[in-house]
Every structure is written in C-alpha cells, then in structure tokens.
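Each chain is listed here by its residues.
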Amino acid sequence: MSARFDVVVVGAGPGGIAAAAVAAEAGRRVCLLDNGVAPGGQIWRGYRAETAEKAAHGREYLHWMKRLKQSSCTVWTGWQAIDRPTAGVLRLECRGEGRDVEAKALILATGARERFLPFPGWTLPGVMGAGGLQALVKGGLDPAGKRVVVAGSGPLLLAVAASVGGAGARIHGIYEQAPLGRLAGFGLTLLRHPDKLIEGAGYRMRTWRAAYRTGCWIVRAEGRDSLERVTLTDGHRQWSHNCDWLACGFQLVSNLELPRLLGCRIEGGLVVVDKLQQSSVQGVACVGELTGIGGMEKALLEGQIAGWAAAGCAAQARALRPRLQRWQRFALRLSRAFALRAELRGLADADTVVCRCEDVTHAALAGRAGWREAKLYTRCGMGACQGRVCGSATEFLYGWQNPGVRPPVYPTPVFVLADDADAASAHR
Amino acid sequence: MFVTVNDKRVHVAEGTTVAAAVMMASEPSRISVSGERRAPFCGMGICMECCARVNGVEHRRSCQLPCEPGMVVVTK
C-alpha cells in the first residue's frame, strides 16, 4: 500500500508537530508520523489535554496540539520509518504491516536519545537512563517509595529528579559530572534566558531535599539480581548509596539514522542545514535536536521554519530566524557547559559490557582499530539496537566514527521486507 | 485491568506500557546472550532491552506498547 502527500514529517515531538501544523495550515497535504502511541515526543510524553495545563511546557503542548488537530494534517502513530526504497519515498512498518509513503518534501524531526556510558553494573535491572526512568514513570511505572539516585550530565537530571520525586520516589542524590565553575558560567549566561533560569530553579525547588552535587560521577552499580547500591566519586573520595533505581544518562545525542540513510551531510554529530532548515539533500529538511541539542523552544521554531519552507512561504520562514538565533546560542552554551570530562572514559572495567545487545566487553573492544573492525570481530553494534546505545559510547570511549547505516534502520519482521501478506496477517 | 507477565497477574492502570508492567511484576524483560537478567533501560524504544513476546508476537518493543486487558507477555 502506498500513500502520497505534499509533506511528510517524521517524528511528532515539538519540532515535527510545529512543522506539520504550519505546513497543513498553509494548505499542503501533510502526514505526520511517529513510532510512539501519541504525538508529543519525549518532552510531551504521556501528556493529555485535561491535565497538560499544570505540566512542564504544558501550555505549549496545548497550543500546538490544538493547531495540529484543527489543521488538515494526517497523523499516523505507531509507524516506524525503516527504509527509503527510492528518492521521495519512505517505507514504514507498524505491527507487522508495511506501507510506503511518498512525499514532495520530507521534514525529519527524529529528536535525540540519551548518551549512555558503560560502568561496572550498568546492565543490572534497576539501572536506567535518566530520561529512561522518566519515560517509564510516565508509562505507568509506580515510583512511590523507591530510593533513587540520579547521575550523569545535563539539565535533564534535575527535570527527572523533580518529576520522579514528585510522583513519590525518594531522591537520594543528584550528581552532575560537569564542574561547578563551568555550570556557574552557564548559569550566568542563562540571565539571557530568564525562562530557562526560572524553569531550572523550579525543578531545584521541587528537589530541594536531595543534594545536587556538581563535579561528581558514577563509579559502579552493584546488586545480586537487581540494583542494591551505587558508588560515586568527586575524583578524590568515593561514597555509596543504597538504592532501588539509578537514573543515569550523559546528555543527549541526535537520532541520525534516518538523515544518514537519506545521505544528509552531518558534521560533529549534527545535520548541517541552511537558513530554511534544508539539509544537503534536495527536499529533505531537518529540525530540532537533529541540528543541535537545544530543547523544545528551538525545535518549535525550526519546525515552523521548515513547515513554512515546505509550503513555499520563505518570507514567513525567514521572519522566525531572529528568534531562532537566540536558541541556537543556547544550544551551543548547553553543549559547552555539559561537555564530558575525560575521567568518564575510565569507568568501564575490562569485563564491563559495552555492547548490551551482544554482551561485548570493554576488554574485547579496547585496541580495535574502529567501529567496522569491532563489528567484524566481536559483533559489537550488530544486535537489535543497531548500535544506538553502544555507538555513542564507543565514539566517546575509543573515538570511533559510525561509518553509516543500512536499511532497515529499525528491526523489522522479515515478512514485511518480503511483502508477505499471509505471514503478516498471522503475525497480527 | 490485568495483564499476565510470565504467569504473574499484574494489575495496571489504563495507559500503562507493557515495559512498566514487566518492571512492576519484578520480572526480567529479557535474558542477555551471556545469561544476564535485563530490565527496561532507555524507556523510549531505542535500546531494545524491553523487547518481549506479547500475545504470541515476538520482539515487541514493550516500552512503546500500551497494555490491553488480558495481554499475555512472555519475557524468557
């Protein structure tokens, strides 16, 4: 089955929703697709119209969801883009069903994921990403009474502690690897983003009972069948917390699989775009975290710019540029403030698993020439996550560059690839 | 509603993901290739640690899948 649209937007976070709504309002036939259960992406995960008002960034959610719903945009949730059979066509999969969608203009808004770094014990049940724990709690996991340590890097740590703590968890500590001096400098620059300063202060007020310590990082996690204790350090001494859950993530990295597959030019882990968000590939725009980790405000503006551009309204798109530049500077400051310290390269022991899918250890990988050799000899990056977790870890640990992606960019039932309708109906 | 995770009956609220149900049942979401117990990790559908057999269908990303009444989840 195939469908045709003027504009197809991949990823229904703030950037994708804004792009789709604007292009549809301008009269284009638009399809917005997302692999999640509802539009919202990570930042608006689990938001509902009745309760969003009080939630963080809920006002923006209500505004954009209203515009999306009132527009003529077609929304497909649960659909995963897996391949690009020919230029201008995406192949999608949902619950064993395959579908092609054709577009004159493509807007990629696939967002970002957390960077995870391996340390002893990080594969134990109870150790999760920071955003990971937040997403699971939004997905109904009950945190009441759980003892939680939050560690890693980035403004997400405070947001996670505030939301999980607010849902009943006991936050035993929040540990940021970036040094205080750098964060204080970042805090000062936030005077130009008072809304962000207020947002951060709000998270901190809601987590005031827990220590927020900078210049500290995880050393190891321990437990028999699941997590029982974590050990941290400030580089001089070590201390431990008994806890049930560790939420640990080291800033964000862009989800580059689709732009890579389409051949978009990528520099420094980000898609290179022009002033109208157009990538190096004709007809493919990229917005939001794909072009710089900067959060919701930047994504909303870039989405609108790409939406206007896709509708052929370059003047409206350009009019948003001055507001965007402010958030692009914010993204730059963010990446500098939370740059990872070199000590984090030494967390993994020889027998620490680096590739979680194939259980490939640090000892098996250290000394390999690069990503390709590691794959050939150890199966690192060849499991179900296709290197989404170990790829950014090995880039940081060993300096390896991911040479590219191959379709399907998500694990896909083989009968979908073979277009076997009988097997597909048995699957459902 | 109730779902079954490896023969355990779990009560979950509307909108709960299968991954959250697996965690609340204190069951591992998978056994790794070297035999480690694993649990949901990234929560956003990228790490594949939570892939489980749901109603007979293998490799469902359980963190992206809402529970439905009577769902049968097998993780080992």
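Residues numbered from 1 in each chain as written. Chains lettered and ligands numbered in written order. Predicted model: local features only at pLDDT ≥ 70, side-chain atom pairs only at ≥ 80, totals over all residues.

*Asks:* Which residues make up the overall build of chain A, and what values go with them?
*Replies:* Scanning chain A for helices and strands turns up 15 helices and 21 strands. C-alpha atoms of chain A, sized along the principal axes, occupy 60 × 50 × 40 Å. (Helix = DSSP H or I, 4+ residues; strand = E, 2+ residues; numbered from the N terminus.)

*Asks:* I'd love a proper account of the overall build of chain B, names of residues and values included.
*Replies:* Scanning chain B from N- to C-terminus turns up one helix and seven strands. Starting at the N terminus, the α and β elements of chain B follow one another as β-β-α-β-β-β-β-β. Its C-alpha atoms give chain B a radius of gyration of 11 Å, near enough to 11 Å, the size a compact globule of 76 residues would have. For chain B, with 76 residues in total, the buried portion stands at 51%. When contacts within chain B are restricted to residue pairs at least 6 apart in sequence, those whose partners lie at least 24 apart make up 38%. (Rg over C-alpha atoms; globule rule 2.2 N^0.38 Å. Buried ≥ 20, exposed ≤ 12 C-beta atoms within 10 Å, placed from the backbone. Contact = placed C-beta atoms within 7 Å.)

*Asks:* For the sheet that holds strand E15 (residues 245-250) of chain A, give the residues involved together with the corresponding values.
*Replies:* Residues and elements named next belong to chain A. Overall, parallel pairing links the five strands, which are arranged E8-E15-E9-E10-E11 in an open sheet. Every interior strand has two partners, whereas the edge strands, strand E8 (127-128) and strand E11 (212-214), have only one. Relative to E15, strand E9 (residues 147-153) runs parallel, the two being bridged by six bridges. Along E15, the bridge assignment pairs Gly152 with Gly249. (Pairing = 2+ DSSP bridges.)

*Asks:* Mind laying out the pairing of strand E10 (residues 170-176) of chain A, listing which residues take part and the relevant values?
*Replies:* Residues and elements named next belong to chain A. Burial analysis of E10 places five of its seven residues in the buried class, the great majority of the element. Looking at chain direction, E9 and E10 are connected through six bridges and run parallel. Pairing of Arg147 across the sheet is with Arg170, part of E10. Judged from the three bridges that link them, E10 and E11 form a sheet pairing that is parallel. Looking at E11, one finds that Tyr175 is bridged to Arg213.

*Asks:* With reference to specific residues and values, describe the nonpolar core.
*Replies:* Counting 86 residues, the largest nonpolar core has Leu136, Val150, Val160, Ala161, Leu246 and Ala247 of chain A together with Ala21 of chain B as the members making the most contacts within it. With eight residues, the single largest contributor to this core is helix H4 (residues 156-166) of chain A. Every residue in contact with Val150 of chain A, bar those within four places of it in the chain, is listed here: Ala130, Leu157, Val160, Ala161, Ile171, Ile174 and Ala247 of chain A. (Core = buried A, V, L, I, M, F, W, Y, C linked by C-beta atoms within 7 Å.)

*Asks:* Quick rundown of the interface of chain B and chain A? Include the residues and the values.
*Replies:* Where interface size is quoted, it is often the accessible area lost as the parts come together. On the chain A side, the residues contacting the 33 residues of chain B number 31 residues. Sorting the residues of the side of chain B that touches chain A by element identifies helix H1 (18-24), strand E4 (37-38) and strand E6 (57-61) of chain B as the ones contributing at least two each. The element that contributes the greatest number of residues to the side of chain B that touches chain A is H1 of chain B, accounting for four residues. For the side of chain B that touches chain A, the per-class residue count stands at 20 nonpolar, nine polar and four charged. (Nonpolar A, V, L, I, M, F, W, Y, C, P; charged D, E, K, R; others polar.)

*Asks:* Which residues make up the sheet that holds strand E14 (residues 238-242) of chain A, and what are the values?
*Replies:* Backbone hydrogen bonds are what pair the strands of a sheet, in a parallel or an antiparallel way. Residues and elements named next belong to chain A. Across the sheet, three strands lie side by side as E12-E13-E14; this open sheet has antiparallel pairing. In the strand order of this sheet, the two ends are held by strand E12 (217-222) and E14, each with one partner. Neighbour-to-neighbour, the strand axes of the sheet open up by a mean angle of 25 degrees, direction not taken into account. With five bridges joining them, strand E13 (residues 229-233) and E14 adopt antiparallel strand pairing. Pairing of Thr233 across the sheet is with Gln238, part of E14. (Axes fitted to C-alpha atoms, helices over the stretch in contact; angles between N-to-C directions.)

*Asks:* Could you give me a rundown of the domain arrangement of chain A, with the residues and numbers involved?
*Replies:* All names here are of chain A. Examined at the domain level, chain A breaks down into domain 1 (2-113 + 253-334), domain 2 (116-250) and domain 3 (348-428). Each of domain 2 and domain 3 has a C-alpha centre, and these two points are 27 Å apart. Contacts between the two partners involve six residues from domain 2, matched on the other side by ten residues from domain 3. For the side of domain 2 that touches domain 3, a count of residues per class yields five nonpolar, one polar and no charged. (Domains from an automatic or database assignment.)

*Asks:* Please provide a residue-by-residue account of the environment of Ile305 of chain A, values included.
*Replies:* Residues and elements named next belong to chain A. Topologically, Ile305 is positioned in helix H8 (residues 296-310). Residues Ile305 and Ala319 lie 14 residues apart in sequence; the distance between their C-alpha atoms is 8.6 Å. Each residue touching Ile305, except ones within four places of it in the same chain, is listed here: Leu276, Gln277, Ala317, Leu320 and Leu324.

*Asks:* Lay out the environment of His11 of chain B with the relevant residues and their values.
*Replies:* Residues and elements named next belong to chain B. With respect to the helices, strands and loops of the structure, His11 is situated in strand E2 (residues 8-11). A residue is classified by how many C-beta atoms lie within 10 Å of it, and His11, with 10 of them, is exposed. For the pair His11 and Gly43, spaced 32 residues apart in the sequence, the C-alpha separation amounts to 20 Å.

*Asks:* Residue-level account of unusual backbone geometry, with values.
*Replies:* Here Pro407 of chain A and Pro408 of chain A are connected by a cis peptide whose omega angle stands at -5 degrees. In this fold, Pro408 of chain A is placed in the loop between helix H13 (390-398) and helix H14 (414-417). The backbone of Arg95 of chain A shows a phi angle near 45 degrees, a positive value even though the residue is not glycine. If you check the backbone angles, Asn55 of chain B has positive phi at about 50 degrees while not being a glycine. Considering the arrangement of structural elements, one finds Asn55 of chain B in the loop between strand E5 (51-54) and E6. Using a count of 12 C-beta atoms within 10 Å as the deciding quantity, one classes Asn55 of chain B as exposed.

*Asks:* Summarise H4 of chain A; cite the residues concerned and give the values.
*Replies:* One turn of an α-helix holds 3.6 residues; hence residues three or four places apart share an orientation. Residue and element names in this part refer to chain A. Most of H4 is tucked away, with ten of its eleven residues classed as buried. Among the residues of H4, Leu156, Leu157, Leu158, Ala159, Val160, Ala161, Ala162, Ser163, Val164 and Gly165 are the ones counted as buried. Where the residues of H4 are buried, they touch helix H3 (130-138), E9, E10, helix H6 (194-206) and E15.

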